[in-house]
Amino acid sequence: MAKLNLMSAALIGVLSITSSAIAGQFPTIKAQNLNKVEMNLPQDFGARRSIVMIAYTQGQQDDVNTWLPFLDQASKKSGVKYYEVPVISSGYSLMSGFIDNGMRSGISSKSTRAKTITLYTNVSKFNREVGVSGKGSVHAILIDRNGKVLANVSGAYSKDKAKKISAAL
């Protein structure tokens, strides 16, 4: 009986490790930034570490903007790159030109457009893979060169959230 309990505990431990490893991976996906440059993600993020700001609605842009001073500072200090990634249901992919042109018209900076990459995908599956829950708030995830999620926080910027991201840099 003791052996059975030990084996069960070991199996549960292995399953937990496996599921958390799967839940913390940025998926391989083709996308286009707002400068119309094709990208293969996560490879084309192109840095040892990248911070990906995930948003789901235009109304969440204000929360993303609260992160920008920290992201600029982290970029200068540690060489981390950052990206704004609107995640939209693949059902809207037929309207992607219209949606992206709308975003493009609101962003005059070519460097900001280069860092804005719209993903048209299965949103629930994407969230499960990167390890975030829901679309109700923005998420800041830190990933390595291979897309492994190293840190994950949600909501508008706060010092505590920034410390969690910084600690994983």
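What counts and how
Residues numbered from 1 in each chain as written. Predicted model: local features only at pLDDT ≥ 70, side-chain atom pairs only at ≥ 80, totals over all residues. Heavy atoms only, no water. 1 Å grid on protein atoms, 1.4 Å probe; cavity = no way out; pocket = protein on both sides within 12 Å on 5 of 7 lines; lining within 4 Å. Points joined across faces, edges and corners; volume = space filled by probe spheres on them. Helix = DSSP H or I, 4+ residues; strand = E, 2+ residues; numbered from the N terminus. Nonpolar A, V, L, I, M, F, W, Y, C, P; charged D, E, K, R; others polar. Pairing = 2+ DSSP bridges. Axes fitted to C-alpha atoms, helices over the stretch in contact; angles between N-to-C directions. Contact = heavy atoms within 4.5 Å. Patch = residues over 30% accessible without salt bridge, like charges linked within 9 Å, V, L, I, M, F, W, Y side chains within 5 Å. Areas by Shrake-Rupley, 256 points an atom, 1.4 Å probe, with all protein chains shown as cover. Salt bridge = Lys/Arg side-chain N within 4 Å of Asp/Glu carboxyl O. Buried < 20%, exposed > 50% of the residue type's maximum accessible area, 1.4 Å probe, protein only. Phe/Tyr/Trp six-rings, centres within 6.5 Å; stacked < 30°, edge-to-face > 60°.

Thoughts on the layout of surface pockets
Here the largest pocket is characterised by a volume of approximately 450 Å³. Along the wall of the largest pocket there are 20 residues; nearest its centre are Thr57, Gln58, Gln61, Pro86 and Met103. For the lining of the largest pocket, the elements supplying multiple residues, two or more each, are β3 (49–55), α2 (61–78), β4 (81–89) and α3 (96–106). Counted by class, the lining of the largest pocket contains 11 nonpolar, 8 polar and 1 charged residues.

A closer look at the sheet that holds strand β1 (residues 29–33)
Pairing between sheet strands relies on hydrogen bonds along the backbone, with the strands arranged either parallel or antiparallel. Spatially, the 7 strands line up as an open sheet ordered β2-β1-β5-β4-β3-β6-β7, and their pairing is mixed. In this open sheet, the two strands that pair with only one neighbour each are β2 (38–41) and β7 (149–154). The mean angle between the axes of side-by-side strands here comes to 30 degrees, regardless of whether they run parallel or antiparallel. Taken together, the 3 bridges between β4 and strand β5 (residues 117–121) define a ladder with parallel strand orientation. Pairing of Ser89 across the sheet is with Thr121, part of β5. Along the sheet, α2 contacts β3, β4, β6 (139–144) and β7; its crossing angle with β4, the most-contacted strand, is approximately 155 degrees. Here helix α6 (residues 159–168) sits on the sheet in contact with β3, β6 and β7, set at roughly 175 degrees to β7.

Let's talk about a nonpolar patch on the surface
A grouping of Tyr92, Leu94, Met95 and Phe98 is seen on the molecular surface, where their side chains present a nonpolar patch of about 540 Å² in accessible area. Within the secondary structure layout, Met95 lies in the loop between β4 and α3. Judged by its relative accessible area of 42%, Met95 falls in the partly exposed class.

Notes on the environment of Pro69
Within the fold, Pro69 resides in helix α2. Its relative accessible area of 55% is what places Pro69 among the exposed residues. The sequence separation of Pro69 and Tyr157 amounts to 88 residues, and the corresponding C-alpha distance is 9.6 Å.

Here's the deal with the packing of aromatic side chains
One pass over the full model with this rule turns up 6 aromatic pairs. Relative to Phe126, the ring of Phe26 lies with its centre 5.5 Å away and its plane at 85 degrees, an arrangement referred to as edge-to-face. On the criterion of sequence distance, the pair formed by Phe26 in the loop between α1 (2–23) and β1 and Phe126 in helix α5 (residues 123–130) is long-range, its members being 100 residues apart. By the burial criterion, Phe26 is buried, and Phe126 matches it. On the numbers, 5.8 Å between centres and 70 degrees between planes, the contact of Trp67 with Phe70 is edge-to-face. A residue pair is termed a helical-turn pair when its members lie 3 or 4 positions apart in one helix, as Trp67 and Phe70 do in helix α2 at 3 residues. Phe70 carries the same exposure label as Trp67, and that label is buried. Taken together through their ring pairs, the aromatic side chains of Phe26, Phe45, Tyr83 and Phe126 make up a single cluster.

Fair warning: the whole summary comes from geometry, so function is off the table for now.
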